[in-house]
Amino acid sequence: GEAAARVRHPNVVEIFDVGEERGVAWLAMELLEGECLADKLDREGALPVSEAVDLLLPVLAAAHDAGVVHRDLKPENIFISRTRDGALIPKVLDFGISRVVDDASGRIRTQTDMILGTPQYMAPEQARGDRNIDDRADQYALGVILYECATGRVPVDEGALYEVLRRTVHGEFAPPRSHRPELPADFEAVILRALSLSPAARFSSVRALAAALLPFGDDTAKVRHSPSLAPRFDTLPGAAETLRGPLPNATLGDTGVEVDTQPDARRTSRLVI
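Now for a look at the structure at hand. (Residues numbered from 1 in each chain as written. Predicted model: local features only at pLDDT ≥ 70, side-chain atom pairs only at ≥ 80, totals over all residues. Heavy atoms only, no water.)

Concerning helix H2 (residues 37-44)
An α-helix turns once every 3.6 residues. As a result, residues three or four positions apart point the same way.
Here comes step 1: Regarding H2, the residues found buried are Leu37, Ala38, Lys40 and Leu41. Along the long axis of H2, the arc covered by the buried residues comes to 160 degrees, so they all point the same way.
Here comes step 2: Elements that come into contact with the buried residues of H2 comprise strand E4 (34-36), helix H3 (49-56), strand E6 (78-82) and helix H5 (135-151). (Buried < 20%, exposed > 50% of the residue type's maximum accessible area, 1.4 Å probe, protein only. Helix = DSSP H or I, 4+ residues; strand = E, 2+ residues; numbered from the N terminus. Arc of directions from axis to C-beta. Contact = heavy atoms within 4.5 Å.)

Structure representation (structure tokens):
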């Protein structure tokens, strides 16, 4: 709640309040109608390149300028909201394991010496349990989502938890065009750069990734996102303090490593940790 309350942006779900009632923590947020990107991919499979780009451009830099690193970006956490007039607006959800950087002190507001995230969307540095995780890890996750939108599958989609993490750390996956040869080579190059093993080899920022993707969007997207590339938003320095009060261990990441042993309906190999 503290993390999401720092951002007021049309492509981030709005958090109105947080609290605790009889030992149960709760969040009050806006009501959305539509479906998550995961459901859309399950139903339609690989998307046209322009449609994938148009869906992701609005959310690429939604939280980072406010000092929030999401750390669990995946299709389930991108909700395609439909407005009353039929417009589709993608929204970023679930800041449960996000890392908040205090602008004044530079202090990390969550622990970083643990593995957090969804294995198939983890950056190599997350899979290794590195401490210094920044927005380039989210950029890697966005690269995985782009790969999935373009091919209908994630780069590392088979194996037990250890095998998924090992292949991620070593960059063992097939390029997108091996699954879908008709993809533009330049578009594949953008995805592969976002999926670079070294954070330094990725784009300098998610906005730079957005700039590289913009030529592949449709004409409407090019007009909408140039030259700013993503909608600007208001940061609310005191927003967290205006809530009902901090919750003890309010960030789910503070509880340590959790492994969901229930098979995921979309992929039996996915575990949420």
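Examining the packing of aromatic side chains
Here comes step 1: In the structure shown here, the tally under the stated rule is two aromatic pairs.
Here comes step 2: Here Tyr147 and Phe173 contribute two aromatic rings whose centre-to-centre distance is 6.2 Å and whose plane-to-plane angle is 85 degrees, an arrangement assigned as edge-to-face. In this pair, Tyr147 is assigned in helix H5 and Phe173 in the loop between helix H6 (161-170) and helix H7 (185-194), connecting sequence segments 26 residues apart.
Here comes step 3: Between the aromatic rings of Phe187 and Phe216, the centroid separation amounts to 5.3 Å while the plane-to-plane angle is 65 degrees, which identifies the pairing as edge-to-face. One end of the pair, Phe187, is in helix H7; the other, Phe216, is in the loop between helix H8 (206-213) and helix H9 (219-225), and 29 residues separate them in sequence.
Here comes step 4: Residue Phe216 is classed as buried on the basis of its relative accessible area, which comes to 19%.
Here comes step 5: Across the ring face of Phe203, the terminal group of Arg193 is positioned such that the distance to the ring centre comes to 4.3 Å. (Phe/Tyr/Trp six-rings, centres within 6.5 Å; stacked < 30°, edge-to-face > 60°. Lys NZ or Arg CZ within 6 Å of the ring centre and 35° of its normal.)

Focus: the environment of Val144
Here comes step 1: Among the structural elements, Val144 can be located in helix H5.
Here comes step 2: Val144 sits in the buried class, given a relative accessible area of 1%.
Here comes step 3: In this structure the C-alpha to C-alpha distance between Val144 and Leu192, which are 48 residues apart in sequence, comes to 9.2 Å.

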